[in-house]
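Chain residues, written in single-letter form:
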Amino acid sequence: MLYGRATEIAAIQGVIDAAPAGAGEALLLRGEAGIGKSALLDLAATLAGPRLTVLRAWGVEAEADLAFAALHQLLRPVTGLLDALPAPQRQAVAGALGLAAPAEDRFLVAAGVLSLLAEAAEDGGVLCLVDDLQWLDRASADALLFAARRVRTERVGMLLAVRGDGVHKGVPELRLRGLDDESAATLVDSLAPAAPPVRARLVSLTGGNPLVLGETLASLSPDQLAGRLPLPDPLPGGAQLFGDQVTRLSAPARRVLLAASLEPDLTLTLRTASLLDSPVRTQHEQPPTETETPADAPARATTPPEMETAARARPNETTPSVAETDVRAWPNGDGPSREAPARARVTEASVRAPARELPAAVSLREEVALAGLYEAEKAGLVVVDGAAVRFRHPLVRSAVHGAAGPVEVRRAHAVLAELVEGDRRAWHLAAAAMGRDEPVAAALAAAADGARARGGYGDAATALGRAAELTPDPWTRARRYTDAATAAWLGGRPGQAQTYLAEAHALTHTGPLHETTPAHQKEGSPPTPHPAPETGDERPPAHEGERAPKPEAASPHRANRPQQTPGTRRLEGGAVPRGSMGCGGRSGSCGGGSS
């Protein structure tokens with residue numbers, strides 16, 4: 001069943017009804033991949049029923065260089081009518097279909113195709129359905145468009161489906177858009193039950209694209225559909241729509257798109273893309289050694305040999321950061337030559353300058369990045385809107401990440417972490433992290449404090465949840481999960497709150513905190529399991545060598561916490577007010593509160 005396509009179905013029905021009356025029509029259906037063009041053609045074949053002879057062809061990218069390959073698909077069922085054509089047209093069409101020596105006159109081929117369709121329509125009418133016109137070989141496409149512009153006096157209807165912006169003059173066009181919100185929501189409900197806020201978010205992020213909605217729903221877990229876990233960012237499905245366009249771009253253009261997918265600021269995008277062209281790893285992307293696990297690997301910076309030598313010779317000076325490195329110094333031909341002009345240098349001052357202060361003299365790498373931006377914009381994937389880079393569809397980001405792969409995405413986050421400050425830096429550090437990392441977790445927790453102070457409890461919950469994942473110490477991890485649950489509850493996300501509470505409960509009742517002895521206990525003392533925290537005001541015991549915190553010196557995550565209610569105290573203790581947990585419950589709603 002097709003949802004939200006009443007206008008399109010009516011137009012298709014008009015083409016079908018006109019054909020038997022000898023008033024043939026042609027219609028071009030244009031839209032992005034997955035928007036429903038093929039489904040509409042299938043419906044047209046059904047609607048035509050026994051009244052019309054249905055001829056179909058599909059564009060095949062692998063056959064785009066085989067002249068008349070698509071005509072061979074379309075006309076093969078009616079080749080027995082070739083003898084009814086005038087001799088020149090018969091010979092030309094037979095040659096195009098491989099039944100005779102090929103003819104060089106393309107006009108005769110096109111005229112012969114129209115005549116053959118008219119002959120086939122004598123018994124009641126013909127409906128030609130051609131999908132993926134953009135992949136048809138040029139010879140077939142020219143012949144079919146020739147016929148489409150001349151069927152007005154024939155008993156022939158033609159429906160052609162195409163993606164992209166190719167020009168097809170003389171053929172009426174109907175552009176397919178994403179489903180409206182109501183129709184898309186109905187489609188989601190028919191495929192998989194999802195919480196109302198999740199459903200609305202999916203419809204928004206997919207632009208109402210039916211195929212992407214279906215594939216995304218199939219890839220989500222029950223907890224994600226119910227709102228107990230956040231949706232992946234970016235959503236899967238972008239490769240289906242824009243993967244081919246992204247992979248056809250040059251490497252500099254793909255680096256620009258990757259940078260823009262993480263930070264839309266134009267200047268920051270170009271600087272990040274230029275640094276991604278560097279062989280240097282940032283301190284946050286250094287892999288572990290053979291004897292280290294990802295969780296234990298310290299943060300280190302890797303530099304070219306000549307820079308390591310210089311650093312050893314100047315032990316009191318720090319190794320230059322990526323942003324301070326002269327791009328002419330890179331060996332192995334990766335960067336500009338040593339004879340590059342003196343302006344080919346990315347300095348710390350230029351990299352950290354605000355977007356409005358972009359210096360006139362930019363590095364050669366930045367010039368390459370700028371050329372990549374022009375290429376991506378020309379391909380129609382992004383537009384430059386003032387000082388920002390905007391994607392023309394949300395799922396372009398998904399295609400960009402899919403083409404880059406997780407290693408390059410983490411590397412881009414690591415580069416950006418060196419160029420931005422505050423909450424943005426914390427999030428980039430978290431995205432670049434491999435294994436648990438307390439400094440990064442603490443930075444995210446601090447970002448959650450700011451979000452909570454602004455009333456953004458949903459954002460605070462997400463930040464604290466990720467901070468907990470990165471926290472090495474089990475006690476602190478459990479506390480951050482509990483804090484995340486409280487913030488999620490206050491942000492109107494009871495399902496997410498329940499998930500975080502389950503994580504905290506697992507740590508304190510069945511995990512390491514339940515079975516291990518606190519470090520502050522003296523040797524020989526009887527081991528006692530840590531009790532599960534019951535309220536948001538309790539703290540774990542101090543570790544050996546630490547001072548026990550004063551009662552008023554609460555965790556910084558609680559500095560801006562609003563006054564607790566009995567319900568939130570029960571929440572932090574692992575209990576949930578009856579009837580209020582879960583989307584659609586009597587007392588709770590996934591869509592309420594601030595996010």
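Preceding this paragraph is the structure being described.
Residues numbered from 1 in each chain as written. Predicted model: local features only at pLDDT ≥ 70, side-chain atom pairs only at ≥ 80, totals over all residues. Heavy atoms only, no water.

Novice: Which parts of the structure should I look at to understand the packing of aromatic side chains?
Specialist: Given two aromatic rings, their pairing is described by the distance between the two centres and the angle made by the two planes. Going through the model one piece at a time under the given rule, you end up with two aromatic pairs. Ring plane angle 90° and centroid distance 5.7 Å describe the contact between Phe-107 and Phe-146, whose orientation is recorded as edge-to-face. With a gap of 39 residues between them, Phe-107 in helix α5 (residues 106-120) and Phe-146 in helix α6 (residues 138-148) connect regions that are remote in the sequence. In this structure Phe-107 comes out as exposed when scored by relative accessible area, which is 53%. (Phe/Tyr/Trp six-rings, centres within 6.5 Å; stacked < 30°, edge-to-face > 60°. Helix = DSSP H or I, 4+ residues; strand = E, 2+ residues; numbered from the N terminus. Buried < 20%, exposed > 50% of the residue type's maximum accessible area, 1.4 Å probe, protein only.)

Novice: Please explain helix α7 (residues 181-191) as it appears in this structure.
Specialist: Two residues of an α-helix separated by three or four positions point the same way, owing to the 3.6 residues in each turn. Considered for burial, the residues of α7 that qualify are Ser-183, Ala-184, Ala-185, Leu-187 and Val-188. For α7, the N-terminal capping position is held by Asp-180, with its side-chain oxygen 3.2 Å away from the main-chain nitrogen of Glu-182. (Polar contact = N/O pair within 3.5 Å; in protein donor to acceptor, adjacent residues only side chain to side chain.)

Novice: Explain the packing of helix α4 (residues 87-96) against α5 here, please?
Specialist: What describes two packed helices is the angle between their axes and the distance between those same axes. The interhelical angle for the contact between α4 and α5, taken along N-to-C directions, is 100°, at an axis separation of 8 Å. Regarding the angle of α4 to α5, the classification is roughly perpendicular. Where α4 abuts α5, its residues Pro-88, Gln-89, Ala-92, Val-93 and Ala-96 lie against Leu-108, Val-109, Ala-111, Gly-112, Val-113, Ser-115 and Leu-116. Taken together, the residues of the contact of α4 with α5 break down into nine nonpolar, three polar and no charged. (Axes fitted to C-alpha atoms, helices over the stretch in contact; angles between N-to-C directions. Parallel < 35°, antiparallel > 145°, perpendicular 65-115°, else oblique. Contact = heavy atoms within 4.5 Å. Nonpolar A, V, L, I, M, F, W, Y, C, P; charged D, E, K, R; others polar.)

Novice: What should I look at first to understand the layout of surface pockets in this one?
Specialist: Over the atoms, a rolled probe matching the size of one water molecule traces out where space is still vacant. By volume, the largest pocket amounts to about 1900 Å³. Surrounding the largest pocket, 50 residues form its lining, Pro-230, Leu-231, Pro-232, Asp-233 and Thr-462 being those nearest its centre. Elements with a contribution of two residues or more to the lining of the largest pocket: α8 (196-206), α12 (251-262), α17 (395-417), α18 (422-432), α19 (438-453), α20 (457-470) and α22 (494-510). Considered class by class, the residues forming the lining of the largest pocket number 23 nonpolar, 15 polar and twelve charged. As a volume, the second largest pocket reaches approximately 720 Å³. Every residue lining the second largest pocket is counted, 29 residues in all, and those nearest its centre are Glu-32, Arg-163, Gly-164, Gln-245 and Arg-392. With five residues, the top contributor of residues to the lining of the second largest pocket is helix α11 (residues 238-247). Of the residues assigned to the lining of the second largest pocket, the class counts are eight nonpolar, eleven polar and ten charged. (1 Å grid on protein atoms, 1.4 Å probe; cavity = no way out; pocket = protein on both sides within 12 Å on 5 of 7 lines; lining within 4 Å. Points joined across faces, edges and corners; volume = space filled by probe spheres on them.)

Novice: Teacher, can you tell me more about the side chain of Asp-137 here?
Specialist: By the secondary structure assignment, Asp-137 is in the loop between β3 (126-131) and α6. Buried charge without a partner: Asp-137 forms no salt bridge, and the closest opposite charge is Arg-106, 7.1 Å away. Within the local environment of Asp-137, its side chain forms a polar contact with the backbone nitrogen of Phe-68, the two atoms lying 2.7 Å apart. With residues near it in sequence (within four places) discarded, Asp-137 still touches Glu-63, Ala-64, Leu-66, Ala-67, Phe-68, Ala-69 and Ala-70. (Lys, Arg positive; Asp, Glu negative; His and termini not counted. Salt bridge = Lys/Arg side-chain N within 4 Å of Asp/Glu carboxyl O.)

Novice: Just checking my understanding: could you explain the pattern of salt bridges for this structure?
Specialist: Pairing between side chains becomes possible if they bear opposite charge and their charged atoms approach one another. For the coordinates displayed, the defined rule picks out twelve salt bridges. One salt bridge in this structure joins Arg-228 and Asp-223, with 2.8 Å as the shortest N-O distance. Across the pair Asp-449 and Arg-452 runs a salt bridge, and its minimum N-O distance is 3.0 Å. Of this pair, Asp-449 and Arg-452 are both found in helix α19, three residues apart, which corresponds to roughly one turn of the helix. Exposure class is identical for Asp-449 and Arg-452. Each is buried. One network of salt bridges, with partners in common, ties together Arg-30, Glu-173 and Arg-175.

Novice: Hey, could you run me through unusual backbone geometry in this one?
Specialist: Residues other than glycine predominantly adopt negative phi, and peptide bonds predominantly adopt the trans conformation. Backbone geometry places Phe-68, a non-glycine residue, at a positive phi of 70°. Relative to the helices and strands, Phe-68 resides in the loop between β2 (53-58) and α3 (69-75). Here Phe-68 falls in the buried class, since its relative accessible area comes to 11%. Even without glycine at this site, Asp-132 takes up a positive phi of about 55°. Of the residues examined, Asp-132 reaches a relative accessible area of 15% and is grouped as buried.

Novice: What is the right way to read the pairing of strand β1 (residues 26-30) from this model?
Specialist: For a regular strand, side-chain orientation follows a simple rule: the groups alternate between the two sheet faces. Most of β1 sits out of view: five of its five residues are buried. Of the two faces of β1, the one lined by Ala-26, Leu-28 and Arg-30 and the one lined by Leu-27 and Leu-29 are each fully buried. Bridge count between β1 and strand β5 (residues 173-175): three bridges; the pairing is parallel. Bridged to Leu-28 within β5 is Glu-173. (Pairing = 2+ DSSP bridges.)

Novice: What should I look at first to understand the packing of α18 against α19 in this one?
Specialist: The N-to-C vectors of α18 and α19 enclose an angle of 140°; their axes lie 9 Å apart at closest approach. By the angle class used here, α18 and α19 are oblique. The hand of the α18/α19 crossing is left-handed. Along the contact surface, α18 presents Asp-423, Ala-426, Trp-427, Leu-429 and Ala-430, while α19 presents Val-440, Ala-443, Leu-444 and Ala-447. Taken together, the residues of the contact of α18 with α19 sort by class into eight nonpolar, no polar and one charged. (Left-handed = near helix turned anticlockwise from the far one by under 90°.)

Novice: Quick question: what am I supposed to make of the sheet that holds strand β4 (residues 156-162) here?
Specialist: Whether parallel or antiparallel, the strands of a sheet pair through hydrogen bonds between backbone atoms. Read from one edge to the other, the open sheet built from five strands follows the order β2-β3-β4-β1-β5, with strand pairing classed as parallel. What marks the edges here is a single partner per strand, and that holds for β2 and β5. The mean angle between the axes of side-by-side strands here comes to 15°, regardless of whether they run parallel or antiparallel. Bridge count between β1 and β4: five bridges; the pairing is parallel. Pairing of Arg-30 across the sheet is with Val-162, part of β4.

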